[in-house]
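# Architecture at a glance
Listed below are the residues making up each chain.
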Amino acid sequence: MISLDEYKNYLVNNYNWPMDSSSLLVSKRRDLLREKYSDEFLSRVITDSYSFARSVLNSDTLNSGYFKNYISEDTTIYINLGLHGGWMSDTLFIDSEGRYVSKYIIKTIFGMSVIIQLITEEHERETEDGIFTFDYDYFIYMQGFSTNLDLIRESISNTEIKLIKNNNKSLK
């Protein structure tokens, strides 16, 4: 499982434009991360992302090469640390169970070739007097899974065991 420090370092050191690599801007992003996003929130993102990954691995649709999770509305949020060009440090999806799912962490678990995105299905319906409107269904959609899903299952279940052991130690 990715540690809180590893995730925070990724968020601060990730950039798309060379101008964002200066030590001054990295330092500003580190301060902004501390101000805007608590360790508790970022820890929840990590835990929720791994919980979501376990749900993906238990999905029936995975055998067909995709995963699709209905959500009631577009709940995408971004970790914004002021990167140039409007880039975000990470994208978070809130799933139907209220879990904060990190795009970066999911790609770390399943491989960088996996695609995770929000998709929308549009449905036309007639309201009254021939007036039509559109309704939208939102889904967290994933595809591009590697063939080593059994190894991923094993590594995730091992992190779950470690979390349980660590929690039991803190209870004593």
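No experiment lies behind these values; they were computed from the predicted model shown. (Residues numbered from 1 in each chain as written. Predicted model: local features only at pLDDT ≥ 70, side-chain atom pairs only at ≥ 80, totals over all residues. Heavy atoms only, no water.)

## Re the packing of helix H1 (residues 4-13) against helix H2 (residues 23-36)
Operational definition: Lines fitted to C-alpha atoms define the axes here, with helix axes fitted over just the stretch in contact, and angles between the N-to-C directions of these axes take values from 0 to 180 degrees. To qualify as a helix, a DSSP run of H or I must reach at least 4 residues; to qualify as a strand, a run of E must reach at least 2; elements of each kind are numbered from the N terminus. Here roughly perpendicular refers to angles of 65 to 115 degrees, roughly parallel to angles under 35, roughly antiparallel to angles over 145, and oblique to all remaining angles. If you view the pair so one helix is near and one far, a crossing is left-handed when the near helix is turned anticlockwise from the far one by less than a right angle, and right-handed when it is turned clockwise. For this analysis, residues touch if any pair of their heavy atoms sits within 4.5 Å.
Relative to each other, H1 and H2 sit at 130°, their axes nearing to 8 Å. As judged from the angle between their axes, H1 and H2 are oblique. In this structure, H1 crosses over H2, and the sense of that crossing is right-handed. Seen from H1, the contacting residues are Lys-8, Asn-9, Leu-11, Val-12 and Asn-13; seen from H2, they are Val-26, Arg-29, Arg-30 and Leu-33.

## A word on the nonpolar core
Formally: Here, nonpolar core refers to any group of buried Ala, Val, Leu, Ile, Met, Phe, Trp, Tyr and Cys residues whose side-chain atoms link them within 4.5 Å. Each residue gets one of three labels from its accessible area relative to the maximum for its type: buried under 20%, exposed over 50%, partly exposed in between, using a 1.4 Å probe on protein chains only.
Judged by nonpolar contacts, the single largest core of 39 residues is most densely connected at Tyr-7, Phe-52, Ile-105, Ile-106, Phe-110, Met-142 and Phe-145. If you tally residues by element for this core, the top one is helix H3 (residues 39-57), at 8 residues. When neighbours within four sequence positions are excluded, Ile-106 is seen to be in contact with Ser-49, Phe-52, Ala-53, Val-101, Gly-111, Val-114, Ile-116 and Met-142.

## Section: the pattern of salt bridges
Let me state the cut-off plainly: For this analysis, a salt bridge means a side-chain nitrogen from Lys or Arg found within 4 Å of a carboxyl oxygen belonging to Asp or Glu.
All told, the structure shown has 8 salt bridges when counted by the stated rule. Linking Asp-95 and Arg-99 is a salt bridge whose minimum nitrogen-to-oxygen distance equals 2.7 Å. If you follow the salt bridges from partner to partner, you end up with Asp-95, Glu-97 and Arg-99 in one network.

## Here's the deal with H1
The condition that has to hold: It is the directions from the helix axis to the C-beta atoms whose arc is reported.
Buried within H1 are the following residues: Tyr-7, Leu-11 and Val-12. Down the axis of H1, the buried side of the element spans an arc of 130°, and every buried residue falls inside it. Among the structural elements, H2, H3, strand S2 (77-79), strand S3 (90-94), strand S4 (100-102) and helix H4 (103-110) are those in contact with the buried residues of H1.

## Section: the packing of aromatic side chains
Inclusion rule: Ring geometry is summarised as follows: Phe, Tyr and Trp rings, the Trp one being its six-membered ring, pair when their centres sit within 6.5 Å, and such pairs are stacked at plane angles under 30 degrees, edge-to-face over 60 and tilted between the two.
A full pass over the atoms with the stated rule returns 8 aromatic pairs. With 6.5 Å between their ring centres and 15° between their planes, Tyr-7 and Tyr-104 make a pair best called stacked. Of the two residues, Tyr-7 is situated in helix H1 and Tyr-104 in helix H4; the sequence distance between them amounts to 97 residues. Here Tyr-7 matches Tyr-104 in class, with each residue buried.

## A look at the sheet that holds S3
So the rule is basically this: In this description, strands pair whenever DSSP reports at least two bridges between them.
On the basis of which strands lie adjacent, the open sheet formed by 3 strands has the order S2-S3-S4 and antiparallel pairing. Of all the strands in the sheet, just S2 and S4 have a single pairing partner and so form its edges. Across the sheet, the axes of successive neighbouring strands diverge by a mean angle of 35°, strand direction being ignored. Two strands pair when backbone bridges link them, and S2 and S3 are joined in this way by 3 bridges, in the antiparallel orientation.

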